[in-house]
Amino acid sequence: MLFRSFATSLLIACGLATAQDYPTRSIQLIVPFPPGGPTDIVGRLVAQRLSEGLGRPVVVENRPGAGGTVGSAAAAKAVPDGYTLLYGSTSTLAIAPGLYRSLPYDPRVAFTPISLVSRGAIVLAINSAVPATSLAEFIEQARRSPGKLAYASAGSGTPPHLSAELFKSVAGVDLLHVPYKGGAQAMNDVISGQAQAIFEGLVTLAPQIRAGRLRALAITGERRDPTLTEIPTFAQAGLPQYDAYFWSGLVAPAGTPPELITRLNAVLVQGLERPDIREAFERQGLQTAASTPQAFGRFIDTEIERWEIGRAHV
């Protein structure tokens, strides 16, 4: 701890000098989830853009465990010299503070925000046998039969789970939660009729919606998705008070010199503006969402409060 404090002081004192030369070696980007998942896929796109813009390799290191908190804690403890970064998400930067009693980091003080990277809509879809063809009809059916309709989720404490709990609070309905060990299994059981509804990302549900195996009732966000224009937003479907989404962003350990944060932000924002990157994100059901470090910091604070509401009803 003393060594880290001493190293931090030296870095801050020499910030201007290091910013001119930074980076002089490869950068480690911690992705706190397993390889191959949505966060990892987008995290690697970010690493590639950073590498191109900075002229040095940005190496992705997957450190999964405990809902992404293992890798996030490791990043929080890293020397704040700009050579260790974290690809954070809704789970690790907004949900975790209220979900884990002994979380080894506080996102609001453990990290320095660099930029928001992406946002992804959440879709409410139901089994095609459920006698509801609109969001209003689904809500009415749920109110008539409290606790009878079940929704499947990727697991307790995940964004889909808390998105559904937030929906229950806003819509004034009682749905039964059935947690699974992943989104694919949850979706399959909704298709088979073991559960009646699911809240998930568009990239997961879109193929099943197009095939008619699931009926989409509404999508979060301000506008309809251009690939599935028949799905209304929650506001258009009659529930403007409800909004929730997946998001991800880049942060560094607290104490990273501001000159390096500014450099990283500029490179990342420029990379996210490229048409090919926007298209790659859209294939994952995401939108690019670059921001300033200050705006991202305020966003994290707001999101922690948002998901506390969802947790309050679990």
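Above this text you will find the structure in question.
Residues numbered from 1 in each chain as written. Predicted model: local features only at pLDDT ≥ 70, side-chain atom pairs only at ≥ 80, totals over all residues. Heavy atoms only, no water.

(A) Focus on the packing of helix H3 (residues 38–54) against helix H11 (residues 258–272). Closest axis-to-axis distance for the H3/H11 pair is 9 Å, and the angle between their directions is 115°. Classified by the angle their axes make, H3 and H11 are roughly perpendicular. Regarding H3 and H11, the two cross each other, and that crossing is right-handed. Residue-level inspection shows Val46, Arg49, Leu50, Gly53 and Leu54 of H3 in contact with H11, the latter providing Arg263, Leu264, Val267, Leu268 and Gly271. (Axes fitted to C-alpha atoms, helices over the stretch in contact; angles between N-to-C directions. Helix = DSSP H or I, 4+ residues; strand = E, 2+ residues; numbered from the N terminus. Parallel < 35°, antiparallel > 145°, perpendicular 65-115°, else oblique. Left-handed = near helix turned anticlockwise from the far one by under 90°. Contact = heavy atoms within 4.5 Å.)

(B) Expanded view of the side chain of Thr90. Position of Thr90 relative to the elements: it lies in helix H5 (residues 90–99). A polar contact of 2.9 Å, which involves the side chain of Thr90, links it to the backbone nitrogen of Trp247. Once residues within four sequence positions are removed from consideration, Thr90 is found in contact with Ile95, Pro159, Tyr245, Phe246, Trp247 and Trp307. (Polar contact = N/O pair within 3.5 Å; in protein donor to acceptor, adjacent residues only side chain to side chain.)

(C) Representation of helix H9 (residues 183–192) in the model. Those residues of H9 not exposed but buried are Gly183, Ala186, Met187 and Val190. Summarising the axial view, the buried residues of H9 lie within an arc of 95°, below the 170-degree limit, and thus occupy one face. Buried positions along H9 lie against strand S4 (111–127), strand S5 (150–153), strand S7 (197–201), helix H10 (202–210) and strand S8 (214–219). Following H9 by one or two positions, Gly193 adopts a phi angle in the positive range, close to 95°. (Buried < 20%, exposed > 50% of the residue type's maximum accessible area, 1.4 Å probe, protein only. Arc of directions from axis to C-beta.)

(D) A look at unusual backbone geometry. Here the amide bond leading from Tyr22 into Pro23 is cis, since omega sits at -5°, within 30 degrees of zero. Summarising the element assignment, Pro23 is placed in the loop between helix H2 (15–21) and strand S1 (27–31). For Ala66, which is not glycine, the phi torsion reads 50° and is therefore positive. Mapped onto the elements, Ala66 comes out in the loop between strand S2 (58–62) and helix H4 (69–77). Judged by relative accessible area, Ala66 falls into the partly exposed class, the value being 42%.

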